[in-house]
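Single-letter residue listing:
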Amino acid sequence: MEPIEHKDNGTERKLRLGIALTGGGARGFAHAGALAALEEAGHRPDVIAGVSAGSIVGTLYSAGVEPKRFLDIFSEQKFSKLVDFRLRSGGFFSLAPFKKFLLRNLGQYKNLEDLPIPVYLGVTDFTHGTAVYFDKGAIADRVLASCAIPITFAPIVIDGVEYVDGGVLRNHPAWIIRDKCDYLIGINVSPLSTKKKSDSIWSVAMRTYNLMAKANQVNDMNLCDLNISPVEISHYGPFDLRFINNVYMSGYLHTRKALRDAGLWKTPLSDKLKKSDDIKK
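Residues numbered from 1 in each chain as written. Predicted model: local features only at pLDDT ≥ 70, side-chain atom pairs only at ≥ 80, totals over all residues. Heavy atoms only, no water.

A word on the sheet that holds strand β6 (residues 91–94)
Phase 1: Ordered by their spatial adjacency, three strands build an open sheet running β5-β6-β9, and the pairing between neighbours is mixed. In this open sheet, the two strands that pair with only one neighbour each are β5 (84–85) and β9 (151–153).
Phase 2: Across two bridges, the pairing between β6 and β9 is parallel. Directly across from F93, in β9, lies its bridge partner F153. (Pairing = 2+ DSSP bridges. Helix = DSSP H or I, 4+ residues; strand = E, 2+ residues; numbered from the N terminus.)

Here it is as structure tokens:
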């Protein structure tokens with residue numbers, strides 16, 4: 001779908017639909033399902049922001065990977081195939097194998113600025129302790145930086161600065177593109193489930209990380225015009241790829257319903273915004 005153009009104070013500009021994709025590990029396949037529903041409804045994003053899992057889906061989608069194709073390219077993968085165990089260098093695992101996997105599926109696109117749909121990647125500057133984003137530079141390295149959960153993965157060094165998962169400080173990337181779009185849809189794939197007992201150090205660490213993500217994404221959810229959160233995916237593990245079909249379908253169904261409820265199902269975004277402007281007047 002071609003971006004719509006309209007006049008604003010005598011000048012023409014593109015009407016932009018923004019999509020903000022949160023982190024959430026394997027639950028990020030709900031992002032692919034959400035994008036499938038958006039396309040079915042007649043919408044394609046003009047700008048994308050992603051953190052962690054959202055950075056993977058956002059960049060691959062912009063590079064031309066169709067939503068349903070995500071299931072095919074990941075169906076034969078296991079966590080053990082995408083990482084190397086390496087206790088030293090700041091984390092238990094290295095993401096080097098995953099980088100090769102990304103490069104294969106990105107095709108001709110090497111740098112963020114070359115992608116057909118602009119993509120912004122939220123990361124945490126571990127050296128200076130701030131939330132920042134990338135919109136230029138080598139895609140694979142910057143996606144890895146956005147995904148590098150501390151302790152689990154070693155920090156990614158870019159231009160002498162260490163970066164880790166964007167979810168450490170801001171798991172929801174709405175803040176990055178709120179001023180770059182007219183209508184912003186947020187897809188949250190980090191809903192929190194109730195947990196009765198933590199039976200391992202790993203489960204305590206993941207629970208802590210999820211609590212942190214939940215707390216730091218509230219303000220960014222408020223920046224969105226439409227929020228979508230498939231709550232039933234909360235019990236799936238962040239590194240478990242066995243249930244990606246279920247997660248994908250959950251994202252699809254929730255987004256389909258949300259778009260219908262918002263009056264965006266096969267309705268041009270320009271019509272939706274015009275109605276909103278008329279109501280305000």
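Here we look at the confidence of the model for the chain
Phase 1: Averaged over the chain, the pLDDT score is 87; the fraction of residues at 70 or greater is 84%.
Phase 2: Note on residues 1–13: pLDDT under 50 across the span, and 22 contacts to partners over four residues away in sequence or across chains. (pLDDT = per-residue confidence, 0-100. Contact = heavy atoms within 4.5 Å.)

A look at the side chain of S190
Phase 1: Its location among the elements puts S190 in the loop between β12 (183–187) and α8 (201–216).
Phase 2: In this structure the side chain of S190 is engaged in a polar contact, spanning 2.4 Å, whose partner is the backbone oxygen of G23. (Polar contact = N/O pair within 3.5 Å; in protein donor to acceptor, adjacent residues only side chain to side chain.)

Regarding the pattern of salt bridges
Phase 1: Within the structure shown, the criterion is met by 10 salt bridges.
Phase 2: Here R256 makes a salt bridge to E40, at a shortest N to O gap of 2.6 Å. Residue R256 is found in helix α10 (residues 244–261), and its partner E40 is found in helix α1 (residues 29–40); the two are separated by 216 residues along the sequence.
Phase 3: Using a relative accessible area of 23% as the deciding quantity, one classes R256 as partly exposed.
Phase 4: The partner of K136 in a salt bridge is D135, with the nearest N and O atoms 3.7 Å apart.
Phase 5: Judged by its relative accessible area of 52%, K136 falls in the exposed class. (Salt bridge = Lys/Arg side-chain N within 4 Å of Asp/Glu carboxyl O. Buried < 20%, exposed > 50% of the residue type's maximum accessible area, 1.4 Å probe, protein only.)

A word on the packing of aromatic side chains
Phase 1: Per the stated rule, a full pass over the model turns up nine aromatic pairs.
Phase 2: Taken together, the aromatic side chains of F29, F74, F98 and F101 make up a single cluster linked through ring pairs. (Phe/Tyr/Trp six-rings, centres within 6.5 Å; stacked < 30°, edge-to-face > 60°.)

Quick look at the nonpolar core
Phase 1: Judged by nonpolar contacts, the single largest core of 72 residues is most densely connected at L60, F70, F74, F98, Y183 and I185.
Phase 2: Broken down by element, the residue count for this core peaks at eight residues, all from α1.
Phase 3: Non-local contacts of F98, meaning those with residues more than four positions away in its chain, are made with I56, F74, L82 and L144.
Phase 4: The next biggest cluster of nonpolar side chains, apart from the first, holds 10 residues, and it includes A20, V47, A174 and C224. (Core = buried A, V, L, I, M, F, W, Y, C linked by side-chain atoms within 4.5 Å.)

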